[in-house]
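Structural description and commentary
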Amino acid sequence: MQLIKTEKAILPTPWGNFFIFGFEEKDNGKNHIALVYGNIKKNTPILSRIHSECLTGDALFSLRCDCGIQLEMAMKIISKAGNGVLIYHRQEGRNIGLLNKIKAYALQDQGFDTVEANEKLGFSADERDFSLCADIFKILKIKKIRLLTNNPFKVQMLSKAGINIVERIPIISETNPKNSFYLKTKAKKMGHLLYE
């Protein structure tokens, strides 16, 4: 187990009250959170979303990606369902960090796609470690999930880490002129299922 659970509090949101749980990586002290809505102690598969941190999309309303829109959609869907978990996975820019993400944006401004930009900076297309999220599910005693995702890699990594995913639920947002090339690249080069 790479994580320890730290604090828990109520987080009021426009979609109702969530419980916010804090987690800390043992090796480096990095933090992640889980937002829990309703009763997750049922024996049924829990509606779940892993949302990777995106400061530009989540907090600054960037139109370059679909992250902020997906975060809001996921919270609405979980609230409407009556229970569920949203893990906020703090590995910014597919885990290359905020400053490298800005460098990748600059390369994208020159015509590189998101995968080419990461590779030009010496990273793989996706540096994230989803085993941390599997640890969070285990700490919360969640064994079966219905996962809100378009990313087959996420499904594969969580399954490999021992999480039973009984259903993958698409979370498709509308494209805009600023993110359409980015989304097409995710579908073409990273296998994301965006056009169901």
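This structure is a prediction, so every number in the text was calculated from the model and none was measured.

1. Some remarks on the nonpolar core
It is characteristic of soluble globular proteins that their nonpolar side chains tend to be buried jointly. One finds V85, L140 and L158 to be the most contacted residues of the largest nonpolar core, which totals 23 residues. Per element, the largest residue contribution to this core is 5 residues, and it comes from helix α6 (residues 131-139).

2. Quick look at the pairing of strand β2 (residues 16-25)
Bridging between strand β1 (residues 3-13) and β2 involves 9 bridges; their strand directions are antiparallel. Counterpart to L3 in the pairing with β2 is E25. Hairpin connection between β1 and β2: a loop of 2 residues separates the two successive antiparallel strands. With 6 bridges joining them, β2 and strand β3 (residues 31-37) adopt antiparallel strand pairing. Looking at β3, one finds that F19 is bridged to V36. The turn linking β2 back onto β3 is made up of 5 residues, and G29 within it adopts a positive phi angle of 80 degrees.

3. Some thoughts on α6
For α6, the full list of buried residues reads L132, C133, A134, D135, I136 and F137. Residue K141 follows α6 closely and has a positive phi angle near 60 degrees.

4. Some thoughts on the UniProt feature "binding site: Zn(2+)" (unreviewed entry) in the chain
Per the UniProt record, "binding site: Zn(2+)" (unreviewed entry) is annotated on C54, C65 and C67. Structurally, C65 is set in the loop between α1 (55-58) and α2 (67-81). Checked against the element boundaries, C67 lands in helix α2. Residue classification places C67 among the buried residues on the basis of a relative accessible area of 14%.

5. Let's talk about the sheet that holds strand β6 (residues 144-148)
Strand order in the open sheet formed by 7 strands is β1-β2-β3-β5-β4-β6-β7, and the pairing between neighbours is mixed. Edge positions in the open sheet fall to β1 and β7 (164-169), since each of these has one partner strand only. Averaged over all pairs of adjacent strands, the angle between their axes in this sheet comes to 25 degrees, without regard to strand direction. Running at roughly 165 degrees to strand β4 (residues 46-52), α2 makes contact with β1, β2, β3, β4, β5 (84-89) and β6 of the sheet. Against the sheet, helix α7 (residues 152-160) makes contact with β4, β6 and β7, and its axis sits at roughly 170 degrees relative to β7, the strand it touches most.

6. Some words on the UniProt feature "active site" (unreviewed entry) in the chain
Residues given the UniProt feature "active site" (unreviewed entry) here are D126 and R128. Among the secondary structure elements, D126 is positioned in the loop between α5 (114-120) and α6. Tracing the chain through its elements places R128 in the loop between α5 and α6.

7. Some points on the side chain of H32
Along the chain, H32 turns up in strand β3. There is a polar contact of 3.0 Å between the side chain of H32 and the backbone nitrogen of R90. Filtering out sequence-adjacent residues up to four positions away, H32 remains in contact with L3, F21, G22, F23, E25, Y88, H89, R90, Q91, L132 and I136.

Rules used in this analysis
- Sequence positions are assigned chain by chain, starting from 1 and proceeding in written order.
- At least 70 in pLDDT is required for a residue's local features to be given in this predicted model, at least 80 for side-chain atom pairs to be given and counted, and no such filter applies to totals for whole chains, interfaces and linings, which use all residues.
- Just so you know, side-chain values use all the structure's heavy atoms and leave hydrogens and water out.
- By nonpolar core is meant a set of buried Ala, Val, Leu, Ile, Met, Phe, Trp, Tyr and Cys residues that side-chain atoms within 4.5 Å join together.
- Exposure is judged per residue with a 1.4 Å probe applied to protein chains only, and the accessible area is read against the type maximum: over 50% gives exposed, under 20% gives buried, and values in between give partly exposed.
- Under the scheme used here, helices are H or I runs from DSSP no shorter than 4 residues and strands are E runs no shorter than 2 residues, and both carry numbers assigned from the N terminus.
- For two strands to count as paired, DSSP must find a minimum of two bridges between them.
- UniProt positions are given in the numbering used here, feature names are shortened, and annotations may be inferred rather than shown by experiment.
- Note on method: axes are straight lines fitted to C-alpha atoms, helices fitted across the in-contact stretch only, with angles between N-to-C directions ranging 0 to 180 degrees.
- Throughout, a residue-residue contact means that at least one pair of heavy atoms, one from each residue, lies within 4.5 Å.
- Counting of polar contacts relies on pairs of N or O atoms within 3.5 Å, with two restrictions inside protein: one atom must be capable of donating a hydrogen and the other of accepting it, and residues adjacent in sequence are counted only when both atoms are side-chain atoms.

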